[in-house]
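Here are the chains, one letter per residue:
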Amino acid sequence: MAKETGNIAARVEQLVRPTVEQMGLRLWDVRYEKEGSEWFLRIYIDRDTPLDTDTCELVSRAVDPLLDKADPIDQSYYLEVGSPGLGRRLLRPEHFAAVTGQKVMAYLIRKNQAGEREVTGVLQQQQGNVLQLQTQQGPVEIDLKDTSYVKLCDDEDLFAKK
């Protein structure tokens, strides 16, 4: 009997979260994605200090036996452990909580009253489905259902000339 693929990421997240957290890291996201004919299980980890490849390798070595034992995936796949990176998308309440006080950009499904599709500001808080941002024009509330995505703006100054 084939295993249901729809909840693989959720099952893997539940399986690996305790190990990742015991290593002093945050589990940012788990994705099970198909690219071409190949499947990838991607585990995204984070911490307050920059990640390095050695840490990603340690997590990979720690969770690999757990995945082998639990065997939540029927087909072959590639395991990747990495950082969610710069400009990471914010998907869950804990993501928003982790970046409160930092600059974020909400990409709206439809233009707002000011004719904007992108609203950038400092995240003040998330209450339920509503984000409160402090923009250059003042405070703004954005309902998450009106967004395509929200991302952290930590990559804006990478290529600025100094």
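To be clear, the structure that these remarks concern was listed above.
Residues numbered from 1 in each chain as written. Predicted model: local features only at pLDDT ≥ 70, side-chain atom pairs only at ≥ 80, totals over all residues. Heavy atoms only, no water.

1. A few points about the packing of aromatic side chains
We count it as follows: When the centres of two rings from Phe, Tyr and Trp lie within 6.5 Å, Trp using its six-membered ring, the rings pair. Their planes under 30 degrees apart give stacked, over 60 give edge-to-face, and anything left gives tilted. Three exposure classes are used, based on accessible area relative to the maximum for each residue type with a 1.4 Å probe and protein chains only: buried under 20%, partly exposed in between, and exposed over 50%. Elements are defined by DSSP. Helices are runs of H or I of four residues or more, strands are runs of E of two residues or more, and each kind is numbered from the N terminus.
Taken as a whole and judged by the stated rule, the model has three aromatic pairs. Considering the side-chain rings of tyrosine 32 and tryptophan 39, the 4.5 Å spacing of their centres and the 15° angle between planes classify their relative orientation as stacked. Owing to a relative accessible area of 21%, tryptophan 39 belongs among the partly exposed residues under this scheme. Seen from their ring centres, tyrosine 107 and tyrosine 149 are 5.5 Å apart, and the 10° between their planes marks the pair as stacked. Of this pair, tyrosine 107 sits in strand 4 (residues 103-108) while tyrosine 149 sits in strand 8 (residues 147-152), placing them 42 residues apart in sequence. Judged by relative accessible area, tyrosine 107 falls into the partly exposed class, the value being 22%.

2. Brief notes about the pattern of salt bridges
Close approach of charged atoms allows side chains of opposite charge to pair. What counts here: Definition used for salt bridges: Asp or Glu carboxyl oxygen within 4 Å of a side-chain nitrogen of Lys or Arg.
Under the counting rule described, the total for this entry stands at 15 salt bridges. Here arginine 26 ties to aspartate 48 by a salt bridge, and the two come within 3.0 Å at their closest N and O atoms. With a gap of 22 residues between them, arginine 26 in strand 1 (residues 26-35) and aspartate 48 in the loop between strand 2 (38-46) and helix 2 (53-70) connect regions that are remote in the sequence. Residue class for arginine 26 comes out partly exposed when judged on its relative accessible area of 32%. Among the ionic pairs, arginine 42 bridges to glutamate 33, the shortest N-O distance being 2.6 Å. Note on arginine 42: relative accessible area 9%, which makes it buried. Salt bridges sharing common partners tie together Glu13, Arg17, Glu21, Asp29, Arg31, Arg92 and Glu94.

3. Some words on helix 2
Test applied: A helix is expected to span 1.5 Å for every residue after the first. The bend at a residue is defined as the angle formed between two axes, one fitted to the seven residues ending at that residue and one fitted to the seven starting there.
Under the 1.5 Å per step criterion, the end-to-end length of helix 2 is 25 Å for 18 residues, consistent within 8% with the ideal 26 Å. At valine 63, helix 2 is bent by approximately 25°, the largest bend along its length, and proline proline 65 sits one to four residues beyond. Considered for burial, the residues of helix 2 that qualify are Thr55, Cys56, Val59, Val63 and Leu67.

4. Describing the pairing of strand 1
Our working rule: For two strands to be treated as a pair, DSSP must find no fewer than two bridges joining them.
Pairing geometry for strand 1 and strand 2, over nine bridges, is antiparallel. The residue bridging arginine 26 from the neighbouring strand is aspartate 46, located in strand 2. Here strand 1 hands over to strand 2 after two residues, with glycine 36 in that stretch at a positive phi of 65°.

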